[in-house]
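Next come the chains, spelled out residue by residue.
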Amino acid sequence: YVGPAGFVPRARSSQAISRSQGHAFALRAPLSSAAHFGTPLASRSTFASPVSLRVTNDKEMDLAIQQISMSLASGQKPVVIGLAADSGCGKSTFMRRVTACFGGASKLNPIGRETNTLISDMTTVICLDDYHLNDRQGRKKTGLTALDPRENNFDLMYEQVKALKEGKKIMKPIYNHVNGTLDEPEEITPTPIIIFEGLHPFYDKRVEELMDFKIYVDITPEVKFNWKVQRDHEERGHSIESIKQQIEARKPDFDAYIDPQKNKADCVIQVLPTQLAANDKTHLNVKLIQCKDVDHFAPTYLWDEGSDIEWVPPRSKLASSAPGVGMKIYQKNEKWAGKDAAVIGMDGKYDKIDEMMYVEKQFASTGSKFVGEVTKKMLEYEGQPGSNDGTGFLQTITALKVREIYEGIAKVKVPAQAN
Ligand SMILES: Nc1ncnc2c1ncn2[C@@H]1O[C@H](COP(=O)(O)OP(=O)(O)OP(=O)(O)O)[C@@H](O)[C@H]1O
Ligand SMILES: O=C(CO)[C@H](O)[C@H](O)COP(=O)(O)O
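Colleague: I tried to follow the overall build of the chain on my own but got confused; where do I start?
Modeller: Across its full length, the chain holds 10 helices and 17 strands. Relative to its full complement of 419 residues, the chain shows a buried share of 52%. A sequence separation of at least 24 residues applies to 70% of the contacts in the chain between residues at least 6 apart. For the chain, the accessible surface area stands at approximately 17,800 Å², while carbon and sulfur atoms represent 51% of it.

If you want it as structure tokens, here you go:
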């Protein structure tokens, strides 16, 4: 069966393609990309032209449908997103929120050994640690940190980001964090969305220019320390002193090579200590800094675009156990690295995620496909770090924006029901 141009299987159901057992089927991904079905991932392939698949039973037909739905359409190029952040800045939850917007569950690339690559039906998340030049022992010899550009292979990074963006498969190295080795490469097949996350996605100009949208997660040193203590001391048993030493040892290279990348970002999620109460180390003030005039990126705004607003929702509508007013929401216009930016922010905490429906309705251009989608998505991550403060809300908005940007560039729609 050769699908006509624009052929889109309606669902995973076998009714979408007529069956003819024991025959060879030539399956072609639709021009308008059928890569939007929430099917579980089995294997993926890229169809630049029709290929033949022998289908002999219902199971194989389902697999073939999955292959079409997860592939790039003929001529379609992946949309490439960059996420820059230091380690321990909450990328894991954020990445799950982003990939979930494209349907299907996210899982580690099933290569049967250590990998940093996360895949889902439509997305691939590649960790740039895989481009470390030396293994842990090698870095001990050079005396450099992994944040130092000299410890990263930007030529290979560039070649491989470029190849994936052109829809080609790559064999990517793996940096094994468990034992600090550089392992045998893994094969990466391009998906409609590819996210490169890590320390240096915008450091090398050639790599930066391949990014369709650039996000920087900016965690202030005080908050970073508190989070590190939470994870590395409370959950992993490291001493507070060793955590302090580790942060101090990384700081010069972080300041020199990682932090400046935020000036190249299109969108920054900034996490600061709360300003609602003095010496409060628990609550956060989270800002989403959205640069204007970025292709396919329409900033989210509160009530009236362009207005400066401070809003304290009544506790009767948004319960909060945080001190002071509990939760303050704001909007302002700022400059970010010389560019005009629309900023929305949330300081404080909300106790019940479902009450955020009330807040969500006050925002426009959230990237949601139906009223309440932001809240629904936040509820799916209840209990994850940041679920009850601005990180949860603003990470979710950013995730929906990534979906919207993908739709704008690829000129396709991701059905809401796929989520
Ligand atoms: N929004 C948040 N609110 C509070 N704590 C958070 C938040 N996000 C992350 N954390 C804390 O920071 C720790 C690190 O988060 P996470 O593992 O997601 O970071 P990461 O950037 O993926 O780290 P790494 O690169 O080291 O794997 C979490 O275990 C948690 O304690
Ligand atoms: O910054 C990092 C990750 O973003 C790590 O420090 C770097 O990748 C080295 O890893 P390891 O400490 O496991 O050898």
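Colleague: Teacher, can you tell me more about the site of ligand 1 here?
Modeller: The immediate surroundings of ligand 1 are formed by Ser 87, Gly 88, Cys 89, Gly 90, Lys 91, Ser 92, Trp 227, Gln 230, Arg 231, Pro 385, Gly 386 and Thr 391. Between ligand 1 and Cys 89, the relevant distance is 3.0 Å, taken from an oxygen atom to a main-chain nitrogen or oxygen of the residue. Burial of ligand 1 by the surrounding chains reaches 81%, relative to a free accessible area of 630 Å². Elements with a minimum of two residues in the shell around ligand 1: helix H2 (91-100) and helix H6 (221-235). The greatest single-element share of the shell around ligand 1, amounting to 3 residues, is contributed by H6. When residues of the shell around ligand 1 are assigned to domains, at least three fall in each of domain 2 (77-215) and domain 3 (266-408 + 413-417).

Colleague: What exactly am I supposed to notice about unusual backbone geometry here?
Modeller: The phi angle at Asp 293 is positive, at roughly 60°, despite the residue not being glycine. By the element assignment, Asp 293 lies in the loop between strand S12 (284-291) and strand S13 (301-302). Accessibility expressed as a relative area gives 78% for Asp 293, which makes it exposed. A positive phi is found at Ser 365, a non-glycine position, where the angle reads about 55°. Of note, Ser 365 is situated in the loop between strand S17 (363-364) and helix H9 (373-380).

Colleague: Whenever I open this one, the packing of aromatic side chains confuses me. Can you help?
Modeller: Here a ring pair, both rings aromatic, is described through the centre-centre distance and the interplanar angle of the planes. Evaluated as defined, the whole model comprises 7 aromatic pairs. For the ring pair Tyr 203 and Tyr 257, a centre distance of 6.3 Å and an interplane angle of 80° mean the geometry is edge-to-face. Separated by 54 residues along the polypeptide, Tyr 203 in the loop between strand S9 (193-198) and helix H5 (205-208) and Tyr 257 in helix H7 (residues 240-258) bring together distant segments of the chain. When its relative accessible area of 34% is taken as the criterion, Tyr 203 is described as partly exposed. In textbook terms, an aromatic cluster arises when at least three aromatic residues are bridged by ring pairs, as seen for Phe 154, Tyr 203 and Tyr 257. It is Lys 224 that lies over the ring of Phe 254; its NZ or CZ is 3.7 Å from the centre.

Colleague: Whenever I open this one, the layout of surface pockets confuses me. Can you help?
Modeller: A probe matching the size of a water molecule, rolled over the atoms, marks out where space remains unfilled. Computed from the structure, the second largest pocket encloses a volume of approximately 330 Å³. In terms of lining residues, the second largest pocket is bounded by 18 residues, among which Pro 221, Lys 224, Ile 247, Lys 251 and Phe 254 are the most central. Among the secondary structure elements, those contributing two or more residues to the lining of the second largest pocket are strand S10 (213-219), H6 and H7. If one sorts the elements of the lining of the second largest pocket by residue count, H7 sits on top with 7 residues.

Colleague: What is the right way to read H7 from this model?
Modeller: Two residues of an α-helix separated by three or four positions point the same way, owing to the 3.6 residues in each turn. Most pronounced at Lys 251, the bend in H7 amounts to some 40°, and the proline Pro 252 follows within four residues. Considered for burial, the residues of H7 that qualify are Ile 243, Asp 253, Phe 254 and Ile 258. Those residues of H7 hidden inside the fold are in contact with S10 and H6.

Colleague: I would appreciate a short explanation of the packing of H9 against helix H10 (residues 390-410) in the present structure.
Modeller: How two helices pack is summed up by the angle between their axes together with the distance between the axes. Close contact between H9 and H10 brings their axes to 10 Å; oriented N to C, the two are set at 115°. As for the relative orientation of H9 and H10, their crossing is right-handed in sense. Taking contact as the criterion, the partners of Glu 373, Val 374, Lys 377 and Met 378 in H9 are, on H10, Gly 392, Phe 393, Thr 396, Ile 397, Leu 400 and Arg 403. A breakdown of the residues in the contact of H9 with H10 according to their chemical character gives 5 nonpolar, 2 polar and 3 charged.

Colleague: What exactly am I supposed to notice about the site of ligand 2 here?
Modeller: All residues in the neighbourhood of ligand 2 are listed as Ser 87, Asp 129, His 132, Arg 136, Arg 139, Ala 146, Tyr 175, His 177, Leu 199 and Arg 250. Here Arg 139 contributes a side-chain N or O atom positioned 2.9 Å from an oxygen atom of ligand 2. In this structure, an oxygen atom belonging to ligand 2 sits 2.5 Å away from a side-chain N or O atom of Tyr 175. Protein contact buries 80% of the 370 Å² of open area that ligand 2 shows by itself.

Colleague: Just to check I follow, could you spell out the pattern of salt bridges for this structure?
Modeller: Within the structure shown, the criterion is met by 35 salt bridges. One salt bridge connects Lys 91 with Glu 197, and the closest N-O pair in it is separated by 3.9 Å. Highlighted residues: Lys 91 in helix H2 and Glu 197 in strand S9, separated in sequence by 106 residues. Accessibility assignment for this pair places Lys 91 and Glu 197 in one class, buried. With a shortest N-O distance of 3.1 Å, Asp 232 and Arg 231 are connected by a salt bridge. Relative accessible area serves as the criterion here: at 28%, Arg 231 is assigned to the partly exposed category. Connected via shared salt-bridge partners are Lys 205, Glu 208, Glu 209, Lys 214 and Lys 264.

Definitions and cut-offs
- The residue numbers shown here count from 1 along each chain, following its written sequence.
- Think of it this way: whatever chain is written first is A, whatever ligand is written first is 1, and the rest follow in order.
- Local features are withheld for residues below a pLDDT of 70 in this predicted model, meaning they are given only at 70 or higher, and side-chain atom pairs are given and counted only at 80 or more; totals for whole chains, interfaces and linings count all residues.
- Based on all heavy atoms of the structure, the side-chain values leave hydrogens and waters out of the count.
- Each helix is a run of H or I in the DSSP string that is no shorter than four residues. Each strand is a run of E no shorter than two, and both are numbered from the N terminus.
- Throughout, exposure labels follow a simple rule: accessible area from a 1.4 Å probe, protein chains only, divided by the maximum for the residue type, with under 20% read as buried, over 50% as exposed, and the rest as partly exposed.
- Residue contacts are defined here by distance: any two heavy atoms, one from each residue, within 4.5 Å place the two residues in contact.
- Per-residue and other accessible areas were derived by the Shrake-Rupley procedure at a 1.4 Å probe size, with only the shown protein chains allowed to occlude residues.
- Nearness is judged by heavy atoms alone; a residue qualifies as near a molecule or strand once a single heavy atom is within 4 Å of it.
- Polar contacts here mean pairs of N or O atoms no more than 3.5 Å apart (in protein, one a potential hydrogen donor and the other a potential acceptor; neighbouring residues in sequence count only if both atoms are side-chain atoms).
- The split of the chain into domains comes from an automatic or database domain assignment.
- For this analysis, a ring pair means two rings from Phe, Tyr or Trp (six-membered ring only for Trp) whose centres lie within 6.5 Å, classed as stacked if their planes differ by under 30 degrees, edge-to-face if by over 60, and tilted for the remaining angles.
- Only lysine NZ and arginine CZ atoms are considered, and such an atom sits over a ring when it is within 6 Å of the ring centre and within 35 degrees of the ring normal.
- Points on a 1 Å grid over protein atoms alone make up a cavity when a 1.4 Å probe fits among them but cannot get out, and a pocket when they form an open set with protein on both sides within 12 Å along at least five of seven lines; lining residues each have an atom within 4 Å of a point.
- Grid points are joined across faces, edges and corners, and a volume is the space filled by probe spheres set on the points.
- We define the bend at any residue as the angle between the axes fitted to the seven residues before and including it, ending there, and the seven starting there.
- Axis lines are fitted through C-alpha atoms, for helices just across the contact stretch, and the angle between N-to-C directions can take any value from 0 to 180 degrees.
- Here a crossing is taken to be left-handed if its near helix is turned anticlockwise relative to the far helix by less than a right angle, and right-handed if that turn runs clockwise.
- Following the grouping adopted for this structure description, the nonpolar residues are Ala, Val, Leu, Ile, Met, Phe, Trp, Tyr, Cys and Pro, the charged ones are Asp, Glu, Lys and Arg, and the polar ones are all others, Gly among them.
- Here a salt bridge means any side-chain nitrogen of Lys or Arg lying within 4 Å of a carboxyl oxygen belonging to Asp or Glu.

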